[in-house]
Amino acid sequence: MLLGKVVGTLVATQKEATLDGLKFLVVQRLTIENENDAGYVVAADAVGAGVGEVVMFATGSSARQTVLTDKRPCDAVIMAIVDTWEVDGQEKYRKI
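For clarity, every value in this text was computed on a predicted model and none was experimentally measured. (Residues numbered from 1 in each chain as written. Predicted model: local features only at pLDDT ≥ 70, side-chain atom pairs only at ≥ 80, totals over all residues. Heavy atoms only, no water.)

(A) Focus on the pattern of salt bridges. The tally for this structure, following the rule as stated, stands at five salt bridges. Here Lys-23 makes a salt bridge to Asp-45, at a shortest N to O gap of 3.2 Å. Taken as a pair, Lys-23 in the loop between strand 1 (2-10) and strand 2 (24-30) and Asp-45 in strand 3 (residues 36-45) lie far apart in primary sequence, 22 residues in all. Lys-71 is the partner of Asp-70 in a salt bridge, and the nearest nitrogen-oxygen pair spans 3.6 Å. The class of Asp-70 is partly exposed, set by a relative accessible area of 43%. Using a relative accessible area of 73% as the deciding quantity, one classes Lys-71 as exposed. (Salt bridge = Lys/Arg side-chain N within 4 Å of Asp/Glu carboxyl O. Helix = DSSP H or I, 4+ residues; strand = E, 2+ residues; numbered from the N terminus. Buried < 20%, exposed > 50% of the residue type's maximum accessible area, 1.4 Å probe, protein only.)

Structure, rendered in structure tokens:
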């Protein structure tokens, strides 16, 4: 599982039929120190996340393990909206 911040949305009107009904978001990867990491990913949203929110997401075969993405050709899925995270006793993020 990885951390990221939702920075945008993606709309695709022409797509594989099994992707119908999925909401896609553009996610900027974050380091454990809550700094922008290299790379972006387009992820199916399984939890109702929005632009500006910090999320936990999975990629690869793990992305097809949610109820929403089961048996769909998804390589990334947002599976949690982060409220807080702490590393070595220091709070790195708290949702306002």
